[in-house]
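Structural features, examined
Residues per chain are reported as follows:
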Amino acid sequence: MSTTTAVAPLTTQDAEALVGAARSAAEEAGVAVAVSVVDAGGHLLAFRRDDRAVLIAGETSTRKAFTALQLDAPTADLVDAVQPGGLFHTLPTALDRPLLFIAGGIPLHRDGRLIGAIGVGGGAPEQDHGFAAAAAASLV
């Protein structure tokens, strides 16, 4: 008989805290960003867009979160795979839109299990990755 340990799912409270942490990191750097957090099922739990961020930042942050969730990898690690000659250029999603492989999406784990992902858009790719990583590190 096998037993499995229950892992606490990503909650709305967790998601709001992640958004707050990412936005705080971005504000300290003087960057306006959009932040999206999805749970393990790909459901959007929290989303915030700074009105100073470019309009596409909101959709970009959500797509980064979905990409990180679906591939269980930081989007910063996937950039080479979508270059000409890479493993793939786009992958389909449930929304029939191509995924964006731009740094800024980070999968979220708890007790070694994938529980969701965060995506940040609006800054330079390296900045977005840093903001998302800082938020992910704050997850308890």
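Here the structure is a predicted model, which means the values were calculated and not measured.

Position of alanine 103 among the secondary structure elements: in the loop between helix 2 (56-71) and strand 3 (105-110). The buried category is assigned to alanine 103, whose relative accessible area is 9%. Among all residues touching alanine 103, those that are not within four sequence positions of it are Lys64, Thr75, Ala76, Pro125, Asp128 and His129.

Within the secondary structure, glycine 58 is located in helix 2. Linking glycine 58 and valine 33, residues 25 residues apart in sequence, is a C-alpha distance of 8.1 Å. Setting aside chain neighbours within four positions, we find glycine 58 in contact with Ala34, Ser36, Phe47 and Arg49.

Time to look at helix 3 (residues 125-137). For helix 3, spanning 13 residues, the distance from its first C-alpha to its last is 18 Å, which sits close to the expected 18 Å at 1.5 Å a residue. Restricting attention to buried positions, one finds in helix 3 the residues Asp128, Phe131, Ala132 and Ala135. With its buried residues spanning 95 degrees around the axis, helix 3 presents them on a single face. Within helix 3, the exposed residues directed more than 90 degrees away from the buried face are Glu126 and Ala137.

Thresholds applied
Residues numbered from 1 in each chain as written. Predicted model: local features only at pLDDT ≥ 70, side-chain atom pairs only at ≥ 80, totals over all residues. Heavy atoms only, no water. Helix = DSSP H or I, 4+ residues; strand = E, 2+ residues; numbered from the N terminus. Buried < 20%, exposed > 50% of the residue type's maximum accessible area, 1.4 Å probe, protein only. Contact = heavy atoms within 4.5 Å. Expected span 1.5 Å × (residues − 1). Arc of directions from axis to C-beta.

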